[in-house]
Amino acid sequence: MGSVTVREKAFGKLNLSLDVVGKMDNGYHSMLMVMQSVSLHDDVYITIEDGAGEITAHTNRAYIPNTNKNLGFKAAEVFLNELGIKNKSISVSIKKRVPVCAGMGGGSSDAAAVIRGLNRELKTRLSFDDMRRLASMVDSDASFCIEGGTMLASGRGTELKKLSPLPDCVFLIAKPRFSVSTPTLFGKLDGIKVKARPDTAGLIAAIENGDVFGVSRRCFNVFEAALSQREKAIVCGIKDTLVNCGAMGASMTGTGSAVYGVFSSLPEAELAEKELKKTVPECYIASPEPSISE
Ligand code: C5P
């Protein structure tokens, strides 16, 4: 075989809604969330060589570990172990573009991309369901990222139901400087009484009806209630700017700290970007990304 390198795109995701509906015996929380892939993506290069199962990983961000704490590395490890492959070595090189520690599932998507790339190149013929099972061994959001598109996620986040593609719209995503640890935010949410929850059924109905305004005004994330006063003020400030600049709806994604607004056209989103960049330098424009075909 020699050495072969494949490239996979690893699309970021936004939570159109995020609800935490209970706690499971294993310590994980039960989720109910509408997830949406976006065009903003990392490029994942996977090099496969004859070898004895060595794995290496590196990214263009010095602060991301090159050990199995790097989810691309962990995905390669899970893939080789679960398929009992002992005669290949893998190196994963990731060009990050999706903001890190943002709630956009960048690391999870890198993991999913490694699984898809290895499956294709090594001709292991895994179905999406098989790949989602491997992805769930890496982390909770990676299963969604195998196929992406628009989905309802429940349970740990790994039980997935495909929804209709989102109608045309443009996202402006702003990543404030602070970041929040996922387990810490789950812990804080456990300690408060959640007063407002997303209208998940209404959101799904709006998606199925192709009603982008109905979708936008239902974007909602319970984690915002668990932020510190300082963090809440930053997130609310960004949401206010987005809405004042014409966003039909705005929310934080995942456990943050990125906040997005939904716009009906690119020029509107660009105007909002100009305004927002005065206070939040890290801004991105993206569109909804459809699911990957099997
Ligand atoms: O699965 P993942 O590595 O993304 O989870 C990171 C942490 O987030 C878990 O260790 C857990 O503390 C928390 N978590 C949770 N319930 C979920 C997903 C994640 O409590 N459904």
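Let us look at the structure shown here.

**A closer look at the site of the ligand**
- Contacts to the ligand come from Gly27, Tyr28, His29, Met31, Asp139, Ser140, Arg156, Thr182, Pro183 and Phe186.
- Take histidine 29: an N or O atom from its side chain is 2.7 Å from an oxygen atom of the ligand.
- Within the backbone of arginine 156, one N or O atom sits 2.9 Å away from a nitrogen atom of the ligand.
- About the coverage of the ligand: the protein hides 72% of its 450 Å² of free accessible area.
- Put simply, the parts of the chain that give the shell around the ligand at least two residues each are strand S2 (29-50) and helix H5 (182-190).
- Looking at which element gives the most residues to the shell around the ligand, the answer is H5, with 3 residues.
- Residues of the shell around the ligand, tallied by class, amount to 4 nonpolar, 4 polar and 2 charged.
- A domain-level breakdown of the shell around the ligand finds at least three residues from each of domain 1 (3-162) and domain 2 (170-286).

**Regarding the pairing of strand S4 (residues 88-95)**
- As judged from the 8 bridges shared by S2 and S4, these two strands associate in the antiparallel manner. Along S4, the bridge assignment pairs valine 44 with isoleucine 94.
- Sheet topology note: the strand S3 (residues 55-59)/S4 ladder contains 5 bridges and is parallel. In the strand pairing of S4, threonine 56 is matched with serine 91.

**What about unusual backbone geometry?**
- Cis rather than trans, the peptide bond between glycine 256 and serine 257 has omega equal to 10 degrees.
- For serine 257, the location among the structural elements is in the loop between strand S9 (249-252) and strand S10 (259-263).
- A positive phi angle, close to 55 degrees, is found at arginine 125, a residue other than glycine.
- Examined against the element boundaries, arginine 125 turns out to sit in the loop between helix H2 (106-121) and helix H3 (128-136).
- A residue is classified by how much of its surface remains accessible, and arginine 125, at 77% relative accessible area, is exposed.

**Quick notes on the pattern of salt bridges**
- This structure, assessed with the given rule, holds 18 salt bridges.
- Aspartate 110 is paired through a salt bridge with lysine 96; the nearest N and O atoms lie 2.8 Å apart. In this pair, aspartate 110 is assigned in helix H2 and lysine 96 in the loop between S4 and H2, connecting sequence segments 14 residues apart.
- Here glutamate 147 and arginine 132 are joined by a salt bridge, their closest N and O atoms 2.8 Å apart.

**A look at the sheet that holds S10**
- Strand order in the open sheet made by the 4 strands is S9-S10-S7-S11, with antiparallel pairing throughout. This sheet does not close on itself; its edge strands, each paired only once, are S9 and strand S11 (283-286). Strand-to-strand twist of the sheet, defined as the mean angle between neighbouring strand axes without regard to direction, takes the value 20 degrees.
- As judged from the 4 bridges shared by S9 and S10, these two strands associate in the antiparallel manner. If you follow serine 251 over to S10, its bridge partner there is tyrosine 260.
- Taken strand by strand, helix H8 (residues 229-244) contacts strand S7 (170-174), S9 and S10, and its axis lies near 15 degrees from that of S10.
- On top of the sheet, helix H9 (residues 266-276) reaches S7, S10 and S11; it is set at about 10 degrees to S7, its chief contact.

Definitions and cut-offs
Residues numbered from 1 in each chain as written. Predicted model: local features only at pLDDT ≥ 70, side-chain atom pairs only at ≥ 80, totals over all residues. Heavy atoms only, no water. Near = heavy atom within 4 Å. Polar contact = N/O pair within 3.5 Å; in protein donor to acceptor, adjacent residues only side chain to side chain. Areas by Shrake-Rupley, 256 points an atom, 1.4 Å probe, with all protein chains shown as cover. Helix = DSSP H or I, 4+ residues; strand = E, 2+ residues; numbered from the N terminus. Nonpolar A, V, L, I, M, F, W, Y, C, P; charged D, E, K, R; others polar. Domains from an automatic or database assignment. Pairing = 2+ DSSP bridges. Buried < 20%, exposed > 50% of the residue type's maximum accessible area, 1.4 Å probe, protein only. Salt bridge = Lys/Arg side-chain N within 4 Å of Asp/Glu carboxyl O. Axes fitted to C-alpha atoms, helices over the stretch in contact; angles between N-to-C directions. Contact = heavy atoms within 4.5 Å.

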